[in-house]
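# Secondary and tertiary structure notes
As a plain string of letters, each chain reads:
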Amino acid sequence: METQTRRFKQNAREAMADGQLAQALTRLGEGFPLRRAEAIDRLPEFDQLRDAAKAIKDHTLAHLDLYLEQYESKVKEAGGHVHWCRTGQDAREKILEICRTVGAKTVTKSKSMIGEEIAINDFLEENGVAPIETDLGEYIIQLRKEPPSHIIAPAVHLNKGQVEDTFRKAHTNLDPARNLDDPKSLLEEARVELREKFLHADVGLTGANFLIAETGTNVLVTNEGNADLTYSLPRVHIVIASLEKVIPTLEDTATVLRVLARSGTGQDITVYTTFCTGPKRPDDLDGPDEYHVILLDNGRTELVGTEFQEMLRCIRCGSCLNHCPVYHAIGGHAYGWVYSGPMGAVLIPGLIGIHEAGDLPNASTLCGKCETVCPMRIPLPKMLRAWRERQYQRKGNSAAGRWSLQLWAALAKRPKLYRAVTGPLMTALAIFGRKRGRFKWLPLAGGWTGPRDLPAPQGDSFIAQYHKGPVGAVVRSKGQ
Amino acid sequence: MSGREQILGDLRAALTQSNDGARRAAVAKRLMTKARHVIPARGKDAGPAATDRFQAEAERVQATVARVASLDDLPGAVADYLAAQNMPAAVRMTPDPRLRAAPWDTTAITIAEGPAQGEDTAGVSHAFGAVAETGSLVFLSGPESPTTVNFLPPVHIAVLRASDISGCFEDIWSRLRADRQNAEGAGRFMPRTVNWITGPSRTADIELVLFLGIHGPKHLHIVIVDDGDDGGQTG
């Protein structure tokens, strides 16, 4: 997908004017957080598990080169191949090369954010190989030629009626008068349509939630069963994964799995958790003859050793999106690329550059909810601030923005000047706002007062009250 | 320079401020010790308690569970289930010797062996084990256990010995390492595929409403065989 991150402000405005999207986002904002909370209530050890999961990933990232070498050697021992790809282009070409070697016409695909990141579908199609998304949400958005709007619920922005329209347009072989009122009939139609594709695909392309160094295994975490039909039926299984997915042992994986689904969908564990190691064995009755892993960098090594390294702990559970007031207001498409929400606002500038995605880290209230719910304890607000600093350093903000920040800094660093300027201002606001208690409009503050009122100041400032001394409670003790 | 050398070179440049020998030793130790981390209390059951928890957790995620006293009762339990679901008396079965040994000729069920085909209506396979913590079944691929039987037919009937139910995921890994030491060559114990299955297939991709049975089985029926060994699997 071509990045649209520069259109963020316009995208966000359009998204907020979309009533249907607002309904979908309300459903998401009410559903996922509630289910997460219920799942965590059933697991008193959840916070201990988060600490353990964080420690596992921190250790892995500090030894990433060594674990990648170990992982590669184990994949080879099992008869598989590892292809190290520096860029999305390298990865696309390698995947096409494997498809061509086996004369593949169709490729079934289970949901992969790395597949979205490198836009593999468009590339295969341009080169005469038909990619077929099999996750229901991904299938729907592939038919609509849309990017995912959520990392674990790609079609969450759509309603049932839109899915019905999409199916009627795509499945022209079926009776146009068929009844699709019941969502179950949509599911059944997708099941039947995709069943044939599973049985006849030449190559199965999956992502990976983890790559286990101990055994050379890729882990797939799904609910529908499409991933399992994707890797078990075709002759070739290609795994596309970014390199930070590596994890040392099976025990480490068990720990991280305990926090993954609970944080995302609120399930204790997803329906299918699958561990694939190499191609089918000589006497196996099914499974692929060839097993390839596309190990993608695409800018991640550049984050190692920087203040953004902790972002590489992310396990893509979606919890930060599910709890983010900004995501709830604008949805995923507004962010302009395949990732969105707080993790997207940190990761996207890391992968494509802050000059391309400068608006994203600024689209945050820094309320901190994302860090509170992150199973890997990633300090997302701290990193959003770090991107803002970098943007300022490289003069990426507008002239007006820089000017007002400088003015603010000059005031904030001089307490006496600050009080001399803000004191009369607050007094004036208090006087003018005395009648209504709030302002519907203020000069130079239209951005704030547009969607809401500004409360008028009440009484003295904190500093003024502080200097007056304690009222009731002791706030400062002197000379004791 | 190849992608591999570039990537590893960049990572080393960013990470190797400290002693490289110490880093290698830390990695070797971790891979050797395979340390367990936090095991939740609900993953520490064994014996009958583990079996009960497994059943409760599996039913919580919409699997159905039947218990039989021995493998002799398995064909009857399968026949009853298929009849209750109004399904044809035909199954695709993995060529597992334990399943084959059951007295299928006492029923009218037609059995086909081998990997699943698109037209199969029900699959029967034998689990390697199960995890009480989450109600998950564990299957291994192999010559006697083709993976597709667990996924392609719309109904999956899983046979599980009570003595194979573990408390937690880690117990399954310990058992796998012990049972299959070098099964795949020196030091290699992982089969092509290990599948943890927790309930029937589902999706909430349309308006976040949960529906069962999209690509995988619509029904998961678990037959627990009480094989008398209630020692359970503990770590």
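Residue numbers run consecutively from 1 along every chain, following the written order of its sequence. Lettering for chains starts from A, numbering for ligands starts from 1, and both go in the order in which the items are written. Restriction of local features to residues with pLDDT of at least 70 applies here, the model being predicted, together with a cutoff of 80 or more for giving and counting side-chain atom pairs; totals for whole chains, interfaces and linings are based on all residues.

The next point concerns the interface of chain A and chain B. What counts as a contact here is a pair of residues whose C-beta atoms, placed from the backbone, lie within 7 Å. Taken together, the 80 residues of chain A in the interface contact 61 residues of chain B. Only DSSP runs of H or I covering at least 4 residues are called helices, and only runs of E covering at least 2 are called strands; the numbering of each starts at the N terminus. With eight residues, helix α10 (residues 183-200) of chain A is the largest single contributor of residues to the side of chain A that touches chain B. Basically, the charged four are Asp, Glu, Lys and Arg, the nonpolar ten are Ala, Val, Leu, Ile, Met, Phe, Trp, Tyr, Cys and Pro, and anything else, Gly included, counts as polar. Within the side of chain A that touches chain B, the residues separate by chemical class into 37 nonpolar, 22 polar and 21 charged. Judged from the five bridges that link them, strand β9 (residues 272-276) of chain A and strand β9 (residues 193-197) of chain B form a sheet pairing that is antiparallel. Its bridge partner lying in β9 of chain B, Thr273 of chain A is registered against Trp196 of chain B. DSSP-based pairing: two strands are paired if at least 2 bridges between them are found.

Grouped together as the largest cluster of nonpolar side chains are 182 residues, with contacts concentrated most on Ile294 and Leu296 of chain A together with Val138 of chain B. When residues of this core are assigned to their parent elements, the largest contribution, seven residues, is made by helix α12 (residues 250-264) of chain A. Apart from the residues within four sequence positions on either side, Leu296 of chain A is in contact with Cys85, Ala91, Ile114, Ile118, Ile240, Ala241, Ser242 and Leu243 of chain A. Each nonpolar core comprises buried Ala, Val, Leu, Ile, Met, Phe, Trp, Tyr and Cys residues, the members being joined through C-beta atoms within 7 Å. Working definition of burial: number of other C-beta atoms within 10 Å of the residue's own, with buried at 20 or more, exposed at 12 or fewer, and partly exposed in between, all C-beta atoms being placed from the backbone.

Residues and elements named next belong to chain A. The strand order β1-β10-β7-β4-β2-β3 describes an open sheet built from six strands, whose pairing is parallel. The two strands at the open ends of the sheet, each matched to only one other strand, are β1 (81-85) and β3 (130-133). Here the average twist between neighbouring strands, direction ignored, is 20 degrees. As judged from the four bridges shared by strand β4 (residues 203-206) and strand β7 (residues 236-242), these two strands associate in the parallel manner. Angular values range over 0 to 180 degrees, each being the angle between N-to-C directions of two axes fitted as lines to C-alpha atoms, with helices fitted over their stretch in contact.

Below, the discussion takes up helix α20 (residues 415-432) of chain A. What a helix should span is 1.5 Å times the count of its residues minus one. With 18 residues, α20 of chain A extends 25 Å from end C-alpha to end C-alpha; this agrees with the ideal 26 Å at 1.5 Å per step. Summarising burial for α20 of chain A: zero of the 18 residues are buried, a small minority.

For the domain bounds, the source is a domain assignment made automatically or taken from a database. Splitting chain A by domain gives domain 1 (5-301) and domain 2 (414-468). The straight-line distance from the C-alpha centre of domain 1 of chain A to that of domain 2 of chain A is 50 Å.

Residue and element names in this part refer to chain B. Averaged over chain B, the pLDDT score is 94; the fraction of residues at 70 or greater is 96%. The predictor attaches a confidence to each residue, and that confidence, scored 0 to 100, is pLDDT. Contacts for the low-pLDDT stretch residues 230-235, under 50 throughout, to residues beyond four places or in other chains number 20 contacts. Predicted complex metrics record ipTM = 0.96 and pTM = 0.92.

Right, let's talk about the sheet that holds strand β8 (residues 165-166) of chain B for a bit. Sheet architecture is open: eight strands sit in the order β8(A)-β5(A)-β6(A)-β9(A)-β9(B)-β6(B)-β5(B)-β8(B), paired in mixed fashion. Strand pairing shows two members of the sheet lacking a second neighbour, β8 (246-247) of chain A together with β8 of chain B, which therefore form its edges. In this structure, strand β6 (residues 217-222) of chain A lies alongside β9 of chain A, joined through five bridges in antiparallel fashion. Within β9 of chain A, the position partnered with Asn218 of chain A by the bridge is Cys276 of chain A.

Time to look at the pairing of strand β4 (residues 122-126) of chain B. All names here are of chain B. Counting buried positions along β4 yields five of five residues, so the element is predominantly enclosed. Of the two faces of β4, the one carrying Ala122, Val124 and His126 and the one carrying Gly123 and Ser125 are both buried. Where β4 and strand β7 (residues 155-161) come together, five bridges link them in parallel fashion. For His126, the partnering residue across the bridge sits in β7 and is Val159.

So, on to the domain arrangement of chain B. When cut into domains, chain B gives domain 1 (1-35) and domain 2 (44-225). Its C-alpha centre places domain 1 of chain B at a distance of 40 Å from the equivalent point of domain 2 of chain B.

Let us now look at the packing of helix α4 (residues 64-77) of chain A against helix α2 (residues 20-33) of chain B. The contact between α4 of chain A and α2 of chain B brings their axes to 10 Å, and the two run at 50 degrees. Taken together, the axis directions place α4 of chain A and α2 of chain B in an arrangement best described as oblique. Here α4 of chain A runs over α2 of chain B; the crossing is right-handed. Contacts between α4 of chain A and α2 of chain B involve Leu66, Tyr67 and Gln70 of chain A from the former and Arg23, Arg24, Val27 and Leu31 of chain B from the latter. Grouping the constituent residues of the contact of α4 of chain A with α2 of chain B by class yields four nonpolar, one polar and two charged. An angle counts as roughly parallel when it lies under 35 degrees, as roughly antiparallel when it exceeds 145, as roughly perpendicular when it falls between 65 and 115, and as oblique in every other case. Two helices cross in a left-handed way if the nearer one is turned anticlockwise from the farther one by less than a right angle. They cross in a right-handed way if the turn is clockwise.

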